[in-house]
Amino acid sequence: MRIRATVAAVTGALALSAFAVPAAQATGSDTHNPVDTLKALHAATSGKNAFTGATADTGTPYALDAKFGNVKINSGKPIVAGTSAKVTVPVTFTVTHGADVDVTADDTELDLVIYRGSYSSPANILVGDDWPACTNTSATLASCKGTLDIYPGEELLNADATTWKALGYVIDWNDVDPYTTDDIDWTKVGYAEGDALATTKLQRLSRLTVNAAPEPVKKGKTITVTGSLTRANWDSGKYTGYSGVYAQLQFRKKNSTTYTTVKSVKTTSTGALKTTVKAGVDGYYRYSFVGTTTTPAVKAAGDFIDVK
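Trainee: It is not clear to me how the pairing of strand E7 (residues 108-117) should be interpreted in this structure. Could you clarify?
Mentor: In the case of a regular strand, side chains alternate between the two sheet surfaces. The buried fraction of E7 amounts to nine of the ten residues, a majority that puts the element mostly inside the structure. The pairing of E7 with strand E11 (residues 163-172) spans eight bridges and is classified as antiparallel. Directly across from Asp-111, in E11, lies its bridge partner Tyr-169. In this structure, E7 lies alongside strand E8 (residues 122-126), joined through four bridges in antiparallel fashion. Within E8, the residue paired with Tyr-115 across the bridge is Ile-125. In sequence, E7 turns back onto E8 through a hairpin of four residues.

Trainee: Just checking my understanding: could you explain unusual backbone geometry for this structure?
Mentor: Leaving glycine out, the prevailing phi sign among residues is negative, and the prevailing peptide bond configuration is trans. Geometrically, the link from Ala-213 to Pro-214 is a cis peptide bond, its omega value of 0° lying close to zero. Inspection of the secondary structure assignment puts Pro-214 in the loop between strand E14 (206-213) and strand E15 (222-233). Along the chain, Glu-215 connects to Pro-216 via a cis peptide bond; the corresponding omega equals 5°. In this fold, Pro-216 is placed in the loop between E14 and E15.

Trainee: Any chance you could explain the state of the cysteines here in plain terms?
Mentor: Counted under the stated rule, the structure contains one disulfide. Between the sulfur atoms of Cys-134 and its disulfide partner Cys-144 the distance amounts to 2.1 Å. A torsion of 110° about the S-S bond marks the disulfide between Cys-134 and Cys-144 as right-handed. Taken together, the residues Cys-134 in strand E9 (residues 133-138) and Cys-144 in strand E10 (residues 141-150) connect sequence positions ten residues apart. The pair Cys-134 / Cys-144 is uniform in exposure class, with both members buried.

Trainee: I tried to follow the packing of aromatic side chains on my own but got confused; where do I start?
Mentor: Geometry of an aromatic ring pair is reported as the spacing of the ring centres plus the angle between the planes. Considering all chains together, one arrives at five aromatic pairs under this definition. Ring geometry for Phe-68 and Phe-93: centres 5.5 Å apart, planes at 45°, overall tilted. Remark: Phe-93 occurs in strand E6 (residues 87-97) and Phe-68 occurs in strand E4 (residues 66-73); sequence separation between them is 25 residues. Above the face of the Tyr-239 ring, Arg-207 is positioned so that its terminal group lies 3.6 Å from the ring centre. Sitting over the ring of Tyr-242, Arg-231 keeps its end group 3.6 Å from the ring centre.

Reading the values: rules and limits
- Residues numbered from 1 in each chain as written.
- Predicted model: local features only at pLDDT ≥ 70, side-chain atom pairs only at ≥ 80, totals over all residues.
- Heavy atoms only, no water.
- Buried < 20%, exposed > 50% of the residue type's maximum accessible area, 1.4 Å probe, protein only.
- Helix = DSSP H or I, 4+ residues; strand = E, 2+ residues; numbered from the N terminus.
- Pairing = 2+ DSSP bridges.
- Disulfide = S-S within 2.5 Å.
- Phe/Tyr/Trp six-rings, centres within 6.5 Å; stacked < 30°, edge-to-face > 60°.
- Lys NZ or Arg CZ within 6 Å of the ring centre and 35° of its normal.

Quick look at the structure:
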């Protein structure tokens, strides 16, 4: 496991800043922190030492012949997160590179992260617990896969339910020790970066309930169908009502497998649902929510009504 980091982009190159993470994520056998690595690299492009602000280190990194492609995040599906459980999603991509570049070498660092906001001033970034694993499929092409590991209670706010962009980078240290106490000759270090490689949506996990009453009920009498639509609130760490959206009340007969929509019902300020129907035949009532850009679709389990 590696130390996690966040990315902030400035003047056409990444500049990283550390952020608080759970202790379990902040330690591991790999003590190389990509925050420090990229801070140093981008400070080098401005002629200053990233850690002291001095100009002790010399040169600037050269442009590495490497380019990201075929980026897929979570197999093209939105990423859905609740309030606390860790969410791990797959990422895959390729790196096309010069024949003299080996992205699988021990002294090469490579990663793909996602961020929201602008490139020049991102609001948040999400990374994986471990470095991606790459396999050379030819002398100039590598196939890579990894994960994004999201800790909602530590990393997310409600504003994060939006579209995110993918950014990848490769660093070839060429046997340069990034933690040497001597001055670093940055002219020996190669760097390549790709922005807006793909997009993905991050959504707040939704929950939906239903209760049809009374039960049993006489044919022709009134059935009251209540329910609640809630979703993960990353600001509070709880599930709270989703107000002002519509859910469809649906019904299927006892021996049928198909639900049909009866009517649309709007949620209250607390996410509550309530409507009435007349009892006809035995069957199941449920609420169904089609979802929004910030919240995934969800269906309640059917509630059986016995009509006498």
